[in-house]
Amino acid sequence: MHFRTLFPARFRRLALVGAALATVTASLPAAAVADTGDRDRHPSDRGLSAVIRYTEYGIPHIVAKDYANLGFGTGWAQAADQVCVLADGFVTVAGERSRWFGADGAPDGSLSLATKNLSSDLFFRGAKDAGTVEALLATPAPAGPSRPSRELMRGWAAGYNAWLRKNRVTDPACAGAAWVRPVTELDVARRGWAVSVLGGQGRGADGITAARPPAATGAATNGAAAGRAAGADVPDPDRTAEAARALFAAENATMGSNAVAFQGSATANGRGLLLGNPHYPWQGGRRFWQSQQTIPGELNVSGASLLGTVPVSIGFNDKVAWSHTVATGVPLNLHQLTLDPADPTAYLVDGRPERMTPRTVTVAVKDGAPVTRTQWWTRYGPVVSGLGPQLPLPWTATTAFALNDPNAANLRASDTALGFARSRSTRGLVDTLRRTQGLPWVNTIAADSSGHTLFTQAQLLPRITDELAQRCSTPLGRVTYPASGVAVLDGARGDCALGSDPDAVQPGVFGPARMPVLRDAPYVENSNDSAWLANADRPVTGYERIFGTVGTPRSMRTRGAVEDVAAMAERGRLTVADLQRQQFADRAPAGDLAAADTARACAALLADDPEVCRVLGAWDRTMDAGSRGALLFDRFWRRFTATTPQAEQWKVPFSAADPVGTPNTVNTGAPSFAKALRDAAAELRAAGIALDAPLGRHQFVERNGVRLPVGGGTEALGVWNKTEPVWNPAGGGYTEVAHGTSHVQAVGWDGGRCPVARTLLTYSQSSNPLSPHYSDQTALYAGERWVTSRFCEKDILRSPALRIVVVRG
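Computed from a predicted model, the values in this text were never measured in an experiment.

> Can you lay out the overall build of the protein for me, pointing to particular residues and giving the numbers?
If you tally the helices and strands in the protein, you get 23 helices and 31 strands. Here the C-alpha atoms of the protein give a radius of gyration of 27 Å, agreeing with the 28 Å that 2.2 N^0.38 yields for 809 residues. C-alpha extents for the protein along the principal axes are approximately 90 × 75 × 55 Å. Relative to its full complement of 809 residues, the protein shows a buried share of 62%. By sequence separation, contacts in the protein at least 24 residues apart represent 70% of the contacts at least 6 residues apart. Carbon and sulfur atoms provide 53% of the accessible area of the protein, an area that totals close to 28700 Å². Taken as two groups, the 82 positive and 73 negative side-chain charges of the protein have centres that lie 6 Å from each other.

> Hey, could you go over helix H2 (residues 67-93) for me, with residue numbers and the actual values?
End to end, H2 covers just 24 Å across 27 residues, shorter than the expected 39 Å (1.5 Å per residue, more than 12% under). At Gln-82, H2 is deflected by roughly 100 degrees, the largest bend along its length. Counted residue by residue, H2 has 26 buried out of 27 residues, so it is predominantly covered. The backbone nitrogen of Ala-68 has a side-chain oxygen 3.4 Å away, supplied by the residue at the start of H2, namely Asp-66. Positive phi shows up at Gly-95, right after H2, with a value of about 70 degrees.

> An account of empty space enclosed by the protein is requested, with residue identities and associated values reported.
The final tally for this structure, using the stated rule, is ten cavities of 30 Å³ or more. One number sums up the size of the largest cavity: a volume of about 490 Å³. Along the walls of the largest cavity sit 28 residues, with Val-195, Leu-306, Thr-309, Ser-313 and Ala-413 positioned nearest its centre. Looking at the lining of the largest cavity, the elements that each hand over two or more residues are helix H7 (185-196), strand E5 (273-281) and helix H11 (413-422). Tallied by class, the residues present in the lining of the largest cavity amount to 19 nonpolar, eight polar and one charged. Lining the second largest cavity are 16 residues, with Ile-59, Gln-290, Thr-759, Ser-789 and Arg-790 positioned closest to its centre. Contributing elements (two or more residues each) for the lining of the second largest cavity: strand E3 (59-63), strand E6 (288-295), strand E7 (299-306) and strand E30 (787-788). If one sorts the elements of the lining of the second largest cavity by residue count, E6 sits on top with three residues. Residue composition of the lining of the second largest cavity, by class: three nonpolar, eleven polar and two charged.

> Break down the sheet that holds strand E15 (residues 381-382) for me, with residues and values.
As summarised here, the arrangement of the three strands in space is E13-E14-E15, forming an open sheet in which the pairing is antiparallel. What marks the edges here is a single partner per strand, and that holds for strand E13 (357-363) and E15. Where strand E14 (residues 371-378) lies against E15, two bridges are found, and the strand directions are antiparallel. Paired with Trp-377 across the strands is Pro-382, a residue of E15. Each of E13 and E14 touches helix H4 (residues 117-130); the most contacted strand, E13, lies at about 120 degrees to it.

> Talk me through the pattern of salt bridges; I want residue IDs and the actual numbers.
One pass over the structure, following the stated rule, counts 38 salt bridges. A salt bridge links Glu-793 to Arg-53, with the shortest nitrogen-to-oxygen separation between them at 2.7 Å. On the criterion of sequence distance, the pair formed by Glu-793 in helix H23 (residues 793-797) and Arg-53 in strand E2 (residues 49-55) is long-range, its members being 740 residues apart. The closest approach of N and O atoms between Arg-638 and Asp-634, which form a salt bridge, is 3.1 Å. Placement of both Arg-638 and Asp-634 in helix H19 (residues 630-643) is noted, with a separation of four residues, approximately one turn of the helix. Residue classification places Asp-634 among the buried positions, given a relative accessible area of 2%. Members of the salt-bridge network, linked through shared partners, are Glu-96, Arg-99, Arg-125 and Arg-181.

> Run through the nonpolar core, naming residues and quoting values.
Core analysis: the largest hydrophobic core is formed by 170 residues, its most contacted members being Val-83, Tyr-160, Trp-193, Phe-262 and Ile-464. Leave out the neighbours within four places in its chain, and Tyr-160 touches Gly-75, Trp-76, Ala-79, Val-83, Leu-86, Ala-87, Phe-90, Arg-181 and Val-183. Core analysis: the second largest hydrophobic core is formed by 37 residues, Ala-595, Val-612, Ala-681 and Tyr-734 among them.

> Can you explain the environment of Thr-762? Please cite residues and give values.
Tracing the backbone through its elements, the reader meets Thr-762 in the loop between strand E29 (756-761) and helix H22 (776-782). Each C-alpha atom of the pair Thr-762 and Val-710 lies 9.9 Å from the other, and the pair is 52 residues apart in sequence. Here Thr-762 is in contact with Trp-282, Thr-741, Ser-742, Gln-777, Thr-778 and Tyr-781, once residues within four sequence places are set aside.

> Residue-level account of the packing of aromatic side chains, with values.
This structure, assessed with the given rule, holds 26 aromatic pairs. Centroid distance Trp-282 to Tyr-763: 6.0 Å. Interplanar angle 80 degrees. Geometry classified as edge-to-face. Of the two residues, Trp-282 sits in the loop between E5 and E6 while Tyr-763 sits in the loop between E29 and H22, which places them 481 residues apart along the sequence. Relative accessible area serves as the criterion here: at 2%, Tyr-763 is assigned to the buried category. Taken together through their ring pairs, the aromatic side chains of Trp-619, Phe-633, Phe-636, Trp-637, Phe-640, Trp-650 and Phe-673 make up a single cluster. A cation sits over an aromatic face here: Arg-191 above Phe-90, 5.0 Å from the ring centre. Directly above the aromatic system of Phe-700 lies the positively charged group of Arg-707, at a separation of 3.8 Å from the ring centroid.

What counts, and at which threshold
Residues numbered from 1 in each chain as written. Predicted model: local features only at pLDDT ≥ 70, side-chain atom pairs only at ≥ 80, totals over all residues. Heavy atoms only, no water. Helix = DSSP H or I, 4+ residues; strand = E, 2+ residues; numbered from the N terminus. Rg over C-alpha atoms; globule rule 2.2 N^0.38 Å. Buried < 20%, exposed > 50% of the residue type's maximum accessible area, 1.4 Å probe, protein only. Contact = heavy atoms within 4.5 Å. Areas by Shrake-Rupley, 256 points an atom, 1.4 Å probe, with all protein chains shown as cover. Lys, Arg positive; Asp, Glu negative; His and termini not counted. Charge placed at Lys NZ, Arg CZ, Asp CG, Glu CD. Expected span 1.5 Å × (residues − 1). Bend = angle between axes of the 7 residues up to and from the residue. Polar contact = N/O pair within 3.5 Å; in protein donor to acceptor, adjacent residues only side chain to side chain. 1 Å grid on protein atoms, 1.4 Å probe; cavity = no way out; pocket = protein on both sides within 12 Å on 5 of 7 lines; lining within 4 Å. Points joined across faces, edges and corners; volume = space filled by probe spheres on them. Nonpolar A, V, L, I, M, F, W, Y, C, P; charged D, E, K, R; others polar. Pairing = 2+ DSSP bridges. Axes fitted to C-alpha atoms, helices over the stretch in contact; angles between N-to-C directions. Salt bridge = Lys/Arg side-chain N within 4 Å of Asp/Glu carboxyl O. Core = buried A, V, L, I, M, F, W, Y, C linked by side-chain atoms within 4.5 Å. Phe/Tyr/Trp six-rings, centres within 6.5 Å; stacked < 30°, edge-to-face > 60°. Lys NZ or Arg CZ within 6 Å of the ring centre and 35° of its normal.

These figures come from the coordinates and say nothing about function on their own.
Pasting the structure below:
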C-alpha cells in the first residue's frame, strides 16, 4: 500500500487536488471484481484507490471513480478514526467474543441485544454456520443487494485491511490486540445484516440461544398430564402485553430521534428545510461517523453512516436532505406452536406434524472448553424462550413460540442509502423506497430544494393486517397485539400464513402502498411516536396496528416538538438559523406543564424547606447548561413519573381531540409527589450539589481531563435536544452521556449550487483518545456551536485545515 499526504500551500491546493482527482477518476486501472465463489478470501485491493480530503474536525471528503474504490476510501477512513470499535464489532459478527473476552463478558449492545458474549456468539455463529448472509449476497436484486452495494462492501473491506497493514494502532482500547484482524466482504455484509435484524432476531438473541425443549415425557399417555402441568407456565396475557408494550416503547429505547422538514410555504425563500436530530448511543458500535462521498457524475452526498456500514444513511446532496427516526412499527411477530404430544420438537400445522430443524453450534471460550448448544428452527423462524427477562415465552410440553423476522432476509439497506444519495427530490426518495424496501426500523423525513416535504414509514414489517390478527391471534395475541403491536398468531393453522402484497419485494411483508405517508404538508415531524401526528393538522390514519397507534397519548417529547414546529411553520419565513435555534432551545415541555404548579404546591408540602420551592419557582423551564434549578426538577420529575402510575400523574386526562395539549395539570395530590420532592432535594444535598447550581456544572462529560458541560434533557422531560446521562453523584452528578443527540444536520438551499448546511457530531469522529478528533466536536456541542458544511469543491479547497491523502492498492 502506497500513500501520500500533502500539506499544500494555499496557492497550490487547486492544482494538487485536480491532479489527485484525475488520478482517481481517469488514470487508474479498473477495479478487480470480487470472486463470488470464495467470499472468505482476503479481498484484493489491487487497482483500488481514493482521494480523501480532510477538512475541519477530521471530516473526510472521499472521491473515487466507482463504488469499489469509494468503499475502499471509506473503509480506510473509518479505520483511521474507529479501528478498535470496528474490530470489536467484527469479533461480534464472527461469533468469537467468548474466545477473546470470555463467555460472561457483555457486548456493547450495538449489533444485538444479547446480554452475554456467549449468547451473542451462539447467535452470530449460528447464522454464520447456516450461511444466512451468503445466501442473501447470492440473491439477485431487487430481493438481494445490487452489484454497487456488493462492490462497496468489497472495497470497504479492502480499505480497512489496507489501513491495518500500513498503520500502527495507537488507540489504547486495542493496541497490539490479536483480535484486530483483516476482514472480508462477507464480514462487512454480516455486520449490515446484524443492523437489519436489531429489532427482530437481534432483539431475541438471548431467547433464541437459550430455548430448550422440555424433558421427554416418555410416553404419549403422559402427554396430557404433562400439558396440564405445564399450563402454569403459559404466559399471563395481561402481564405479557404490558411487558411487550414496555419493550417497544420509545421512552425505554436506547435509540430514538427527532426530525422535522418544512415546506417552502413556511420558509424565507420558498425552498425546503430539514433538521435531523438522531438520538443514538455515545459509545460503542452504534455511533455515527461523518463523511462526504463522491463518484463524479454518479453521486455526491454528505452525512453520516453507522460504523461498519458503507454508504451515508442520513444526509443531503445539492437537491434533497433526509433524516431517519426510529419507528413504532414492530418488525417481528410470534407464532404460537401446538406441539406433537409425543415429541416437543415437532409441531402441528393443519393436524400434520412437522419436525423442527436443529442447528448445533459450537463456540470457543477463552480459558475453557468449547460450548455447544442447539437452536431449533421452524417454518416460521427460530424457537424463542423470551424477548428479554420481562417477557418470557416458555417452551412447554404443549406449546412453544417461534419468532418471525422478515429483516433476516433483508440486505438491501445499502441500496436504499445509495438511492437516496442519487435522488434529486423527495419524489426520488419515494421511488427509491418503493424499489429497494430496505429500511428495517426507521421512518424517513425529508425536504428538497423545490420546497417539498415528505414523511413516510416505509419500514419492512411482517404482513400482519388487523384482519389477520383478529382471525388468527391466540388468546395471548388477542391481548398483546392491541396493546403493543406484537402479534401472536396460531402456528397450527395454515390459513394464518402472512401472505404477500403484489408490490412487496419479498413474501410475507407489506408492500409500499400499505405504508403511512404524508407529502407536502407545511411541516412533517416525528419524535418516535407513530405516524398519526406527523402533522397535527393533517393526521395520518388508515394503517394497520403493527405500524403504530392512532388516537393515543403522545410522548412528552412529541408534544413539545409538535408545539415548537407548528409555531415555527405558522410564523413562517424560516431559515437554517431557525433550525439551529430550535436544536439548542432546550425547552422542557414537562416543566412548562408542571413547574409552576409544583412550586406552588411545594410551599404547603415542604413548608420546612423553602429553598426547594424558591429554586423551582425561579427555574427558567429549560435544560440549558446554564439553567439553575433544572437539575432539581429533573431529579424530582424522574422520581415522580417512576413511582406514580401514568393515569395518576395528571388531573386532566388525555383527549384524542387535543392530543398535544393533554394530559395536563400535574396531580400535586398524588401520594408520591411530596416524597419525590423531598428525596430529590436530599439526594442533591447529600452529593454536595447546590439546588440552584447551573445544570452544566453537574451534567458534563470529561475528555482527556477536560470537563465539558452538556445541555439537553431526558425523555421524560420532553426536551428536543435529548440527553440520557449517567448519574454518578459521587463523581459530581451526570458524568457521562449514555445516549442522546448524535449527528445533527440543519439543511436548506438558497438557489445556488451548494446546499446551506450546518452539522454537528456530538461525540466527535474518533474514539481514540490520542486523536485530535476525539473531542473537538464535543467541545463545539458544549458551546452550542456548529460546523459549517463544506459540500462544494470551492468550499473544500478553502478549508484552512485541508489535508489531502491519496490511498492506493
